[in-house]
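Residue strings, one per chain:
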Amino acid sequence: MEERMVAGLQDALAAHPGEDLVIGTHGTALCVLIHHFVPAFGLEQFAEMVEKLPWAVCMAFEEGRFSGWEVADISF
């Protein structure tokens, strides 16, 4: 799953350079993607995320390279 997620993200970034993208997925896939770029994000953080659904993050990329992430405020 990780390879497909990363490849799909890289394809989207390459197809839309300099644009803001919104990508929807389920929690497990999102956590796998975050873990790819932030290896310290593991099972403990996944368990915390499950308690906060719905959950969204903002990931930043500069010239296709990951430069950071943060949890998005989507409170209603």
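Residues numbered from 1 in each chain as written. Predicted model: local features only at pLDDT ≥ 70, side-chain atom pairs only at ≥ 80, totals over all residues. Heavy atoms only, no water.

1. Points about the layout of surface pockets
To keep things clear, this is the line we draw: Every definition here rests on a 1 Å grid over the protein atoms only: cavities are sets of points where a 1.4 Å probe fits but cannot get out, pockets are open sets enclosed by protein on both sides within 12 Å along at least five of seven lines, and lining residues have some atom within 4 Å of a point. Grid points are joined across faces, edges and corners, and a volume is the space filled by probe spheres set on the points. Numbered from the N terminus, helices here are DSSP runs of H or I no shorter than four residues, and strands are runs of E no shorter than two. Throughout, the ten residues Ala, Val, Leu, Ile, Met, Phe, Trp, Tyr, Cys and Pro are labelled nonpolar, Asp, Glu, Lys and Arg are labelled charged, and all others, Gly among them, are labelled polar.
Estimated volume of the largest pocket: approximately 790 Å³. Going through the elements one at a time, α1 (2–15), α2 (27–37) and β1 (57–62) are the ones with two or more residues in the lining of the largest pocket. The dominant element in the lining of the largest pocket, judged by the number of residues it contributes, is β1, at 6 residues. Here the residues of the lining of the largest pocket sort into 20 nonpolar, 8 polar and 4 charged.

2. Focus: the environment of Leu-33
Put simply, the rule reads: By the convention used here, residues are in contact when the closest approach between their heavy atoms is within 4.5 Å.
Here Leu-33 is to be found in helix α2. When the C-alpha positions of Leu-33 and Val-6 are compared, they lie 6.7 Å apart, and in sequence the two are 27 residues distant. Leaving out residues up to four positions away in the same chain, Leu-33 has contacts with Met-5, Val-6, Leu-9 and Met-59.

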